[in-house]
Amino acid sequence: MQYAILIYDEGTADPSTIPDDPAASQRTIGEYDAYTGMLRDRGAYRAGEALQPATTATTIRIRDGETLTTDGPFAETKEALGGFYLVEASDLDEALQLAAACPGARYGSIEVRPILDFGGSGGAAG
């Protein structure tokens, strides 16, 4: 079964104007590289990406046939989605174990959500 590992953190919701410490940034990148490597080695990795901060988002709503766009995220929040992994796991327990190993769990929160199976149709749009 596939699961989305959704990585939330405060820095993505409200990015600091203070430049990152290069050593700390390199350490974090190294931790994520090692985590991605572990997922690949286990055969669990399906996809993953980091996202730009929530301040770069545009939200779209269609109301009464009119398309409305708003700069920024759907709602103000203390933490925002900063990235994700799509993993293959035998069950929720294994998915939670994989999520707990994610570096982001130490400074933000990780949401684990099963992928909805549309019966082999290739997904919602397939």
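Quick look at the structure, then.

Turning our eyes to something else, we now look at the packing of aromatic side chains. For the structure on display, the rule yields two aromatic pairs. Plain terms: the ring middles of Tyr 35 and Tyr 85 are 5.0 Å apart, the flat faces sit at 85° to each other, and that makes the pair edge-to-face. Of this pair, Tyr 35 sits in helix H2 (residues 22-42) while Tyr 85 sits in strand E5 (residues 80-88), and the two are 50 residues apart along the sequence. Side by side, Tyr 35 and Tyr 85 carry an identical accessibility label, which is buried. Where Tyr 45 meets Tyr 85, the ring centres are 6.3 Å apart and the plane angle is 75°; that geometry is what we call edge-to-face. Here the residue Tyr 45 occupies a position in strand E2 (residues 45-50), and Tyr 85 occupies one in strand E5, the gap between them amounting to 40 residues. Here Tyr 45 falls in the buried class, since its relative accessible area comes to 18%. Under the relative-accessibility criterion, Tyr 85 is labelled buried at 7%.

In this section: the sheet that holds strand E6 (residues 109-114). With respect to topology, four strands assemble into an open sheet ordered E2-E5-E1-E6, the strand pairing being antiparallel. The open sheet has two edge strands with one neighbour each: E2 and E6. Between one strand axis and the next, the sheet turns by 20° as a mean value, whatever way the strands run. Two elements, strand E1 (residues 2-9) and E5, share eight bridges in a ladder whose sense is antiparallel. What sits directly across from Gln 2, in E5, is Glu 88.

All told, the structure shown has four salt bridges when counted by the stated rule. A salt bridge links Arg 42 to Glu 94; its shortest N-O distance comes to 3.2 Å. You can see Arg 42 sitting in helix H2 and its partner Glu 94 sitting in helix H3 (residues 92-100), a full 52 residues away along the chain. Across the pair Arg 113 and Glu 111 runs a salt bridge, and its minimum N-O distance is 2.4 Å. Given the relative accessible area of 46%, Arg 113 is considered partly exposed.

How each quantity is defined
- Residues numbered from 1 in each chain as written.
- Predicted model: local features only at pLDDT ≥ 70, side-chain atom pairs only at ≥ 80, totals over all residues.
- Heavy atoms only, no water.
- Phe/Tyr/Trp six-rings, centres within 6.5 Å; stacked < 30°, edge-to-face > 60°.
- Helix = DSSP H or I, 4+ residues; strand = E, 2+ residues; numbered from the N terminus.
- Buried < 20%, exposed > 50% of the residue type's maximum accessible area, 1.4 Å probe, protein only.
- Pairing = 2+ DSSP bridges.
- Axes fitted to C-alpha atoms, helices over the stretch in contact; angles between N-to-C directions.
- Salt bridge = Lys/Arg side-chain N within 4 Å of Asp/Glu carboxyl O.

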